[in-house]
Amino acid sequence: MAVIEAEPGAIRIDVGRTALVIIDMQRDFLEPGGFGETLGNDVSLLAKAIGPCKAVLSAARAAGMLVIHTREGHRPDLSDAPPAKVNRGSPSHRIGAPGPMGRILIRGEPGQDIIPELYPIAGEVVIDKPGKGAFYATDLGLVLQNKDIDTLLVCGVTTEVCVHTTVREGNDRGFRCVVVGDACGSYFPEFHEVGLRMVKAQGGIFGWVSDSAKVAGALAPADAVAAE
Ligand code: TIU
């Protein structure tokens, strides 16, 4: 058991029934020269989340917690990509178009993979998702059910898009979702701020909001905390 200081209130978790879910920390969204930057976005806004994500990931690994990584992307033949999604934006920036790190959001391309700083290790689950939410058209729900998970610690990018959609999906499925605020990021700082406020408003309408220091501190062994 551990208690995480959060808003709207502290939450007690069973580490064995909690999963860390890291959303879409992919090269194309985060790295200079990637797809996100070619769209005109300031990727440094997302890079700020890498350190906090790493801190939470290290703490989760040390605690023996289930770790799940997601990647947004599609089959090379685009058969799982809705035309309504593919046909959005300028043709040179569409899903499947050649990008700076391979075809944009196509599975197996370098840009679609997870950044080296947070790369999955053996035993961690990688979920390839065709939508913004990590539950939609994936086996995430099945994995969580089989592992008897009741609580999700959620971080990654972007706060108001894939993190929010996943938290909303998870909340409706009965999972307690704790968003690790500083381990999330958005190309739009105001969306990040409001996205976090939306989660914890109304008594925690979608879940809880905490930060990486509080989560890592709660997961640290008691003697390590006492030694600080
Ligand atoms: N992972 C995720 O959030 N996918 C997006 O497309 N996000 C944007 O903010 N564009």
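Note that this is a predicted model, so its numbers are computed, not measured.

**Student:** What should I look at first to understand the layout of surface pockets in this one?
**Tutor:** To find leftover empty space, one rolls a probe the size of a water molecule over the atoms. Considering only enclosed or pocket space, the largest pocket measures out at about 660 Å³ in volume. Breaking the lining of the largest pocket down by element, the ones donating at least two residues are helix 2 (35-38) and helix 7 (159-172). Among the elements that take part in the lining of the largest pocket, helix 7 stands out by supplying three residues, more than any other. Residues belonging to the lining of the largest pocket are distributed by class as follows: eleven nonpolar, six polar and seven charged. Along its surface, the second largest pocket is lined by Leu45, Lys48, Ala49, Pro52, Gly181, Asp182, Cys184, Gly185, Ser186, Pro189, His192 and Glu193. Of all the elements in the fold, those that place two or more residues in the lining of the second largest pocket are strand 9 (176-185) and helix 8 (189-204). Here the residues of the lining of the second largest pocket are counted per class, giving five nonpolar, four polar and three charged.

**Student:** Explain the environment of methionine 1 to me, please; I cannot follow it from the model alone.
**Tutor:** Along the chain, the position of methionine 1 falls in the segment before strand 1 (2-4). In this structure methionine 1 comes out as exposed when scored by relative accessible area, which is 70%. It is 6.0 Å that separates the C-alpha atoms of methionine 1 and valine 15, two residues lying 14 residues apart in sequence. With residues near it in sequence (within four places) discarded, methionine 1 still touches Arg12, Ile13 and Asp14.

**Student:** What's the story with the site of the ligand in this structure? I'm lost.
**Tutor:** Around the ligand, the structure places Asp24, Phe29, Glu72, Lys132, Val157, Thr158, Val161 and Cys162. Contact between the ligand and cysteine 162: an oxygen atom at 3.2 Å from a main-chain N or O atom of the residue. Protein contacts shield 83% of the accessible area of the ligand, which totals 280 Å² for the unbound molecule. A molecule is said to occupy a pocket when more than half its atoms come within 2 Å of that pocket's grid points, and by this definition the ligand occupies the largest pocket. Class assignment of the residues belonging to the shell around the ligand gives a composition of four nonpolar, one polar and three charged.

**Student:** Would you mind showing me how to read the UniProt feature "domain: Isochorismatase-like" (unreviewed entry) in the chain here?
**Tutor:** UniProt's feature table lists "domain: Isochorismatase-like" (unreviewed entry) at residues 18-210, given in the numbering used throughout. Each end of residues 18-210 is marked by a C-alpha atom, and these two atoms are 15 Å apart; helix forms 35% of the span and strand 22%.

**Student:** Is there a simple way to explain the pattern of salt bridges in this structure?
**Tutor:** Once their charged atoms are close, side chains differing in charge can pair, the charge on each being opposite to the other. Counting across every chain of the model gives twelve salt bridges. Between arginine 17 and aspartate 150 there is a salt bridge whose closest N-O contact spans 3.5 Å. Taken as a pair, arginine 17 in the loop between strand 2 (11-13) and strand 3 (18-23) and aspartate 150 in the loop between helix 6 (140-146) and strand 8 (151-157) lie far apart in primary sequence, 133 residues in all. Taken together, the shared-partner salt bridges in this structure form one network comprising Arg17, Asp148 and Asp150.

About the cut-offs
- Residues numbered from 1 in each chain as written.
- Predicted model: local features only at pLDDT ≥ 70, side-chain atom pairs only at ≥ 80, totals over all residues.
- Heavy atoms only, no water.
- 1 Å grid on protein atoms, 1.4 Å probe; cavity = no way out; pocket = protein on both sides within 12 Å on 5 of 7 lines; lining within 4 Å.
- Points joined across faces, edges and corners; volume = space filled by probe spheres on them.
- Helix = DSSP H or I, 4+ residues; strand = E, 2+ residues; numbered from the N terminus.
- Nonpolar A, V, L, I, M, F, W, Y, C, P; charged D, E, K, R; others polar.
- Buried < 20%, exposed > 50% of the residue type's maximum accessible area, 1.4 Å probe, protein only.
- Contact = heavy atoms within 4.5 Å.
- Near = heavy atom within 4 Å.
- Polar contact = N/O pair within 3.5 Å; in protein donor to acceptor, adjacent residues only side chain to side chain.
- Areas by Shrake-Rupley, 256 points an atom, 1.4 Å probe, with all protein chains shown as cover.
- Sits in = over half its atoms within 2 Å of the grid points.
- UniProt positions renumbered as here; feature names shortened; annotations may be inferred.
- Salt bridge = Lys/Arg side-chain N within 4 Å of Asp/Glu carboxyl O.

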